[in-house]
Amino acid sequence: MSESSLNAVVLVVDDTPDTLALLHDALVESGYTVLVADNGKSALKISLEATPDIVLLDALMPGMDGFEVCRILKQDLNTRHIPVIFMTGLTESEHVVAGFSAGGIDYVTKPLSPIEVIARINTHLKNSRLINQTQGALDAFGQAAIAVLPKTGKIIWQTPLARQLIEKYLAPEQGMLIQDTPYPLQEWVLQLHQGGERRLRPYIVHKPTGRLIFNAADLQSEEQWLILLREESETAQIEALRAIFNLTNRESEVLHWVILGKTDKSIGEILGTSPRTVNKHMEHVFTKLGVETRTAAASLAVNKLRSLSGSNSFGAVE
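Everything numeric in this text was worked out from a predicted model, so none of it was measured.

## What to know about the side chain of S47
Then comes step 1: Along the chain, S47 turns up in helix 2 (residues 40-50).
Then comes step 2: When residues no more than four places from it in sequence are discounted, the contact partners of S47 are L11, P52, L73 and T79.

## Quick look at unusual backbone geometry
Then comes step 1: With an omega dihedral of 0 degrees, the bond running from K110 to P111 counts as a cis peptide bond.
Then comes step 2: Positive phi is not limited to glycine here, since T51 has a value of about 45 degrees.
Then comes step 3: Of note, N246 is a non-glycine position whose phi angle comes to about 60 degrees, a positive value.
Then comes step 4: The class of N246 is exposed, set by a relative accessible area of 62%.

## Details of the pattern of salt bridges
Then comes step 1: Evaluation of the coordinates by the stated rule reveals 11 salt bridges.
Then comes step 2: A salt bridge links D264 to R294; the nearest nitrogen and oxygen atoms lie 2.5 Å apart. One end of the pair, D264, is in helix 11 (residues 264-271); the other, R294, is in helix 13 (residues 294-309), with 30 residues separating them in the sequence.

## Section: the pairing of strand 5 (residues 106-109)
Then comes step 1: Going residue by residue along strand 5, you find D106 and V108 tucked away on one face and Y107 and T109 left uncovered on the opposite face.
Then comes step 2: Taken together, the four bridges between strand 4 (residues 84-88) and strand 5 define a ladder with parallel strand orientation. Note on strand 5: the bridge partner recorded for M87 is V108.

## Notes on the nonpolar core
Nonpolar side chains in soluble globular proteins tend to end up buried together.
Then comes step 1: By size, the foremost hydrophobic cluster in this structure holds 26 residues, and its most contacted members are V10, V12, L23, L27, Y32, L56 and I121.
Then comes step 2: For this core, the secondary structure elements donating two or more residues are strand 1 (9-13), helix 1 (17-29), strand 3 (54-58), strand 4, helix 5 (114-140), strand 6 (145-148) and strand 7 (155-158).
Then comes step 3: Filtering out sequence-adjacent residues up to four positions away, L27 remains in contact with V10, V12, Y32, V34, L56, I118 and I121.

## Comments concerning the packing of aromatic side chains
Between two aromatic rings, the relevant description is the distance of the centres plus the angle of the planes.
Then comes step 1: All told, the structure shown has five aromatic pairs when counted by the stated rule.
Then comes step 2: Relative to F214, the ring of W188 has its centre 6.5 Å away and its plane inclined at 55 degrees; by these criteria the two rings are tilted. A residue pair is termed long-range when its members are at least 10 positions apart, and W188 in helix 8 (residues 183-194) and F214 in strand 9 (residues 210-218) qualify at 26 residues. Each member of the pair W188 and F214 is classed as buried.
Then comes step 3: Taken together through their ring pairs, the aromatic side chains of W188, Y203 and F214 make up a single cluster.
Then comes step 4: In this arrangement the basic side chain of K151 is found over the ring face of F100, its NZ or CZ atom lying 5.0 Å from the centre.

## Focus: helix 2
Residue pairs three or four apart in sequence face the same way in an α-helix, which turns once every 3.6 residues.
Then comes step 1: For helix 2, every residue scored as buried is listed here: G40, A43, L44 and S47. Considered in projection along helix 2, the buried side chains sweep an arc of 100 degrees and stay on one side of the axis. Of the exposed residues in helix 2, the ones pointing more than 90 degrees away from its buried face are K41, K45 and E49.
Then comes step 2: On its buried face, helix 2 sits against strand 1, strand 2 (33-37) and helix 3 (66-75).
Then comes step 3: Sitting at the head of helix 2, N39 places a side-chain oxygen 3.2 Å from the backbone nitrogen of K41.
Then comes step 4: Residue T51 follows helix 2 closely and has a positive phi angle near 45 degrees.

## Re the packing of helix 10 (residues 249-259) against helix 11
Any two packed helices are characterised by how steeply their axes cross, that is the angle between the axes, and by the distance between the axes.
Then comes step 1: With their axes 10 Å apart at the nearest point, helix 10 and helix 11 run at an angle of 130 degrees to one another. With respect to their mutual orientation, helix 10 and helix 11 come out oblique. Relative to helix 11, helix 10 is oriented so that their crossing is right-handed. Contacts between helix 10 and helix 11 involve R250, E253, V254, W257 and V258 from the first element and I267, I270 and L271 from the second.
Then comes step 2: A class-by-class count of the residues in the contact of helix 10 with helix 11 yields six nonpolar, no polar and two charged.

Basis of the calculations
Residues numbered from 1 in each chain as written. Predicted model: local features only at pLDDT ≥ 70, side-chain atom pairs only at ≥ 80, totals over all residues. Heavy atoms only, no water. Helix = DSSP H or I, 4+ residues; strand = E, 2+ residues; numbered from the N terminus. Contact = heavy atoms within 4.5 Å. Buried < 20%, exposed > 50% of the residue type's maximum accessible area, 1.4 Å probe, protein only. Salt bridge = Lys/Arg side-chain N within 4 Å of Asp/Glu carboxyl O. Pairing = 2+ DSSP bridges. Core = buried A, V, L, I, M, F, W, Y, C linked by side-chain atoms within 4.5 Å. Phe/Tyr/Trp six-rings, centres within 6.5 Å; stacked < 30°, edge-to-face > 60°. Lys NZ or Arg CZ within 6 Å of the ring centre and 35° of its normal. Arc of directions from axis to C-beta. Polar contact = N/O pair within 3.5 Å; in protein donor to acceptor, adjacent residues only side chain to side chain. Axes fitted to C-alpha atoms, helices over the stretch in contact; angles between N-to-C directions. Parallel < 35°, antiparallel > 145°, perpendicular 65-115°, else oblique. Left-handed = near helix turned anticlockwise from the far one by under 90°. Nonpolar A, V, L, I, M, F, W, Y, C, P; charged D, E, K, R; others polar.

The following block contains the structure:
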């Protein structure tokens with residue numbers, strides 16, 4: 001029994017009883033819990049009720065075929081995370097492409113080799129569990145991250161913060177629901193998949209109020225890629241300073257303008273307050289940052305922001 005099979009539930013979908021029996025017996029013997037369905041509607045019902053860890057899906061079935069089943073699974077937030085492996089006797093490239101386009105991560109050809117099928121399942125379950133663990137950690141720490149299918153560029157999961165940022169910077173322009181993947185983002189992922197120098201280039205969305213930067217964090221897996229998002233704007237930097245150093249909103253605003261090299265008089269004009277009040281806020285900032293000068297406060301703040309963002313794009317003291 002492999003480590004991947006422990007407590008793992010596999011849904012096998014095929015309209016041929018012999019195939020169902022072959023895979024059921026082989027998977028049970030390998031330690032998996034096995035569910036079976038002989039048509040697309042049953043497969044969707046079982047997926048919603050039982051949420052299997054992985055689906056083995058026959059591509060061609062009477063009525064609703066496997067491609068349509070997979071598309072529906074990937075459109076539902078409750079099931080879109082489930083890896084789907086297609087089973088087909090067809091090896092034509094258009095059918096392989098159709099499987100990946102529908103959201104599948106792999107395919108095996110008939111006649112099936114149970115050993116090969118189990119090996120593929122083990123691999124994809126390990127990857128899926130690692131990604132689920134990563135997503136849980138990113139959710140817990142409030143990070144903006146998405147996972148995409150490299151072959152199609154489609155988003156398969158995203159943290160709450162990533163969802164908000166994509167909606168803010170991309171969804172309104174694209175006129176699409178937030179669970180869909182914006183077309184420019186898909187095109188960028190497909191360019192990454194082609195390799196070359198473009199693998200290192202971030203995808204940047206510019207707005208008058210700021211910009212959203214997509215950076216590829218992990219391109220090692222051919223199943224799913226991790227992409228980190230970072231917003232760079234005046235508001236985002238002020239909020240970051242407030243959170244990092246436990247500042248008040250006004251203290252973080254003052255520190256933001258100090259980083260940009262503004263004087264107390266200039267900051268007072270920007271914020272609608274007196275230079276003396278600005279100086280009082282800076283005294284509180286000095287205490288909270290454990291420094292004694294404006295230069296030291298600005299340098300500490302910039303270094304902290306850079307270390308968290310991996311970017312050198314924040315302003316420097318003039």
